[in-house]
Amino acid sequence: MYEDLPDSAVQAPTPAHTTTTVERGSFCLARCTCGWSGPARRSRDRARTDAQHHSAMPGGRGASGR
């Protein structure tokens, strides 16, 4: 009557943080699917670094702490 489910079906995986960079005029900022956004930067490289830091932080708080 009852079916045993494998552990993977019982424990839902934590959603991954998917980050992108967005350009607004001469500024670039990092954004994440969790709602986080980094500070506006003139350097695209710095915005990408913000995104990498956000993804690497436990809980995904990242560079600006938002």
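Procedures and definitions
Residues numbered from 1 in each chain as written. Predicted model: local features only at pLDDT ≥ 70, side-chain atom pairs only at ≥ 80, totals over all residues. Heavy atoms only, no water. Helix = DSSP H or I, 4+ residues; strand = E, 2+ residues; numbered from the N terminus. Buried < 20%, exposed > 50% of the residue type's maximum accessible area, 1.4 Å probe, protein only. Contact = heavy atoms within 4.5 Å. Areas by Shrake-Rupley, 256 points an atom, 1.4 Å probe, with all protein chains shown as cover. Salt bridge = Lys/Arg side-chain N within 4 Å of Asp/Glu carboxyl O. Pairing = 2+ DSSP bridges.

Novice: Help me understand the overall build of the chain in this model?
Specialist: When you go through the chain residue by residue, the secondary structure sums to two helices and two strands. N-terminal to C-terminal, the α/β element order of the chain is α-β-β-α. In the chain, buried positions account for 18% of the 66 residues. Contacts in the chain between residues at least 24 apart in sequence constitute 25% of all its contacts with a sequence separation of at least 6. For the chain, the exposed area adds up to about 5200 Å²; of that, 50% sits on carbon and sulfur atoms.

Novice: Could you clarify how one ought to interpret the environment of Trp36 in this entry?
Specialist: Looking at where Trp36 falls in the secondary structure, it is placed in the loop between strand S2 (27-32) and helix H2 (44-56). Looking at Trp36, the relative accessible area reads 4%, which means it is buried. As for Trp36 and His54, which are separated by 18 residues in sequence, their C-alpha atoms are 8.5 Å apart.

Novice: Sorry, what's going on with the pattern of salt bridges here?
Specialist: Pairs may arise between side chains of opposite charge once their charged atoms sit close together. Under the criterion given, the structure shown has two salt bridges. Two residues, Glu23 and Arg44, come together in a salt bridge whose shortest N-O distance is 2.8 Å. Taken together, the positions of Glu23 in strand S1 (residues 19-24) and Arg44 in helix H2 put the pair 21 residues apart, joining distant regions of the chain. Relative accessible area serves as the criterion here: at 46%, Arg44 is assigned to the partly exposed category.

Novice: So what exactly am I meant to see when it comes to the pairing of S2 here?
Specialist: Along any regular strand the residues' side chains alternate between the sheet's two faces. Two strands pair when backbone bridges link them, and S1 and S2 are joined in this way by six bridges, in the antiparallel orientation. Across the sheet, residue Thr21 finds its bridge partner in S2, namely Ala30. Following S1, the chain reverses through two residues before pairing antiparallel with S2; Gly25 in that reversal takes a positive phi of roughly 60°.

Novice: Help me understand the environment of Thr49, please; the structure alone is not making it clear to me.
Specialist: As for its placement among the helices and strands, Thr49 is situated in helix H2. Thr49 sits in the partly exposed class, given a relative accessible area of 24%.

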